[in-house]
Amino acid sequence: MQTIVLATHNPGKAREFARLLGPAGFTVKTLADYGVTEGPEETGATFLENARIKARAAMEATGLPALADDSGLCVDALGGAPGVLSARFAPSGKRTETLLRSMEGRDDRKARFVCALALAYPAGDGYPDGREITAEGFCEGEIAEEPGGTNGFGYDPIFFLPEKKRTMAQLTPEEKDAVSHRGAAIRALLKSLKGT
Ligand code: ITT
């Protein structure tokens with residue numbers, strides 16, 4: 001069993017990682033297990049840059065392989081916003097409402113969830129600076145007219161999946177994992193890990 005620490009303070013993400021990585025043979029620890037309460041500043045311009053910043057900081061703080069996720073919602077009609085600012089563009093508890101308001105009267109409601117993962121290893125095994133494995137996943141959908149469902153977290157209640165005719169928050173956890181950006185990114189990461 002390989003132990004990895006999840007470089008996230010978001011409990012919604014942590015739940016999804018635990019259920020996706022446990023069966024793949026990982027022992028999953030959290031930053032709280034190591035008393036790390038603060039994340040680094042997310043100064044990257046892309047999801048991938050921010051994931052690498054968070055993974056490296058957690059690996060350095062714990063000495064363990066660390067997996068970070070930087071993710072968000074990109075809305076076509078808003079020029080890709082909120083994008084990397086998804087966690088910061090409005091106060092906590094007001095984000096879905098703020099986004100719905102900025103979509104009022106817009107016909108083009110296309111949007112995608114993006115998830116970038118970075119797994120940073122401590123130095124060793126012939127890698128003096130440590131090594132890093134990255135992966136990305138996407139999920140196409142639309143911004144709903146109003147929130148629906150109580151599963152998941154974050155923007156899930158306003159992310160409508162036309163093929164499922166439901167919002168992400170109306171899917172079961174297993175259904176979300178099968179179609180979500182995070183599920184896709186983890187499957188890609190596990191595939192590259194197998195190849196190393
Ligand atoms: P960490 O940096 O500690 O991991 P965070 O919540 O700050 O936690 P991000 O900077 O990656 O993480 O921001 C992601 C934002 O996108 C945040 O507002 C989430 O609620 C939202 N988001 C990401 N994945 C999502 C998902 O599967 N469903 C709904 N919203 C999601």
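See above for the structure.
Bear in mind that the values here come from a model prediction, so they are computed numbers and not experimental data.

Participant: Tell me about the overall build of the protein, and name the residues and values.
Facilitator: Helix and strand content of the protein: five helices and seven strands. Computed over the C-alpha atoms, the radius of gyration of the protein is 17 Å, within 12% of the 16 Å expected from 2.2 N^0.38 for a compact globule of 196 residues. Counting only C-alpha atoms and orienting by the principal axes, one finds that the protein spans roughly 55 × 30 × 30 Å. For the protein, with 196 residues in total, the buried portion stands at 42%. Sequence separation of 24 or more characterises 63% of the internal contacts of the protein that already satisfy a separation of 6 or more. Carbon and sulfur atoms make up 52% of the accessible area of the protein, which amounts to about 9,800 Å² in all.

Participant: Explain the packing of helix α1 (residues 11-21) against helix α5 (residues 181-194) to me, and be specific about the residues and the numbers.
Facilitator: Packing of α1 against α5 leaves a shortest axis separation of 11 Å and a crossing angle of 45°. Accordingly, the angle class assigned to the pair α1 and α5 is oblique. In the crossing of α1 with α5, the sense of the turn from one axis to the other is right-handed. For the pair α1 and α5, the contacting residues are Lys-13, Glu-16, Phe-17, Leu-20 and Leu-21 in the first and Arg-182, Gly-183, Ile-186 and Leu-190 in the second. Counted by class, the contact of α1 with α5 contains five nonpolar, one polar and three charged residues.

Participant: So, the side chain of Asp-69: which residues are in play, and what are the values?
Facilitator: One can find Asp-69 in strand β3 (residues 66-75). In terms of polar contacts, Asp-69 uses its side chain to reach the side chain of Arg-182, at 2.6 Å. Excluding anything up to four places from it in sequence, Asp-69 contacts Lys-13, Phe-17, Lys-54, Cys-115, Ala-116, Leu-117 and Arg-182.

Participant: Describe the site of the ligand, naming the residues involved and giving the relevant values.
Facilitator: Taken together, 20 residues surround the ligand, and among them Thr-8, Lys-13, Lys-54, Asp-156 and Lys-176 come closest. Within the side chain of Lys-13, an N or O atom sits 2.8 Å from an oxygen atom of the ligand. Asp-70 is positioned such that a nitrogen or oxygen atom in its side chain is 3.2 Å from an oxygen atom of the ligand. Coverage of the ligand by the protein chains reaches 91% of its 610 Å² of free accessible surface. Secondary-structure elements contributing two or more residues to the shell around the ligand are β3 and α5. Considering every element that reaches the shell around the ligand, the biggest residue donor is β3, with four residues.

Participant: Which residues make up the sheet that holds strand β5 (residues 132-143), and what values go with them?
Facilitator: Judged by pairing direction, the sheet is mixed, and its seven strands sit side by side in the order β2-β1-β3-β4-β5-β6-β7 without closing on themselves. Single-partner strands in this sheet number two, and they are β2 (26-30) and β7 (166-167). When strand β6 (residues 159-161) meets β7, the two strands line up antiparallel, connected through two bridges. Its bridge partner lying in β7, Leu-161 is registered against Arg-166. Most of the contacts of α1 go to β3, to which it runs at about 120°, and overall it touches β1 (2-6), β2, β3 and β4 (110-120). The strands that α5 touches are β2, β3, β4 and β5; relative to β5, the one it contacts most, it runs at about 155°.

Participant: Outline the pairing of β1, listing residues and values.
Facilitator: In this structure, β1 lies alongside β2, joined through five bridges in parallel fashion. For Thr-3, the partnering residue across the bridge sits in β2 and is Thr-27. Bridge count between β1 and β3: two bridges; the pairing is parallel. Residue Leu-6 lies in a different strand from β3, and its bridge partner there is Leu-67.

Basis of the calculations
Residues numbered from 1 in each chain as written. Predicted model: local features only at pLDDT ≥ 70, side-chain atom pairs only at ≥ 80, totals over all residues. Heavy atoms only, no water. Helix = DSSP H or I, 4+ residues; strand = E, 2+ residues; numbered from the N terminus. Rg over C-alpha atoms; globule rule 2.2 N^0.38 Å. Buried < 20%, exposed > 50% of the residue type's maximum accessible area, 1.4 Å probe, protein only. Contact = heavy atoms within 4.5 Å. Areas by Shrake-Rupley, 256 points an atom, 1.4 Å probe, with all protein chains shown as cover. Axes fitted to C-alpha atoms, helices over the stretch in contact; angles between N-to-C directions. Parallel < 35°, antiparallel > 145°, perpendicular 65-115°, else oblique. Left-handed = near helix turned anticlockwise from the far one by under 90°. Nonpolar A, V, L, I, M, F, W, Y, C, P; charged D, E, K, R; others polar. Polar contact = N/O pair within 3.5 Å; in protein donor to acceptor, adjacent residues only side chain to side chain. Near = heavy atom within 4 Å. Pairing = 2+ DSSP bridges.

Honestly, it's all geometry; don't read function into it.
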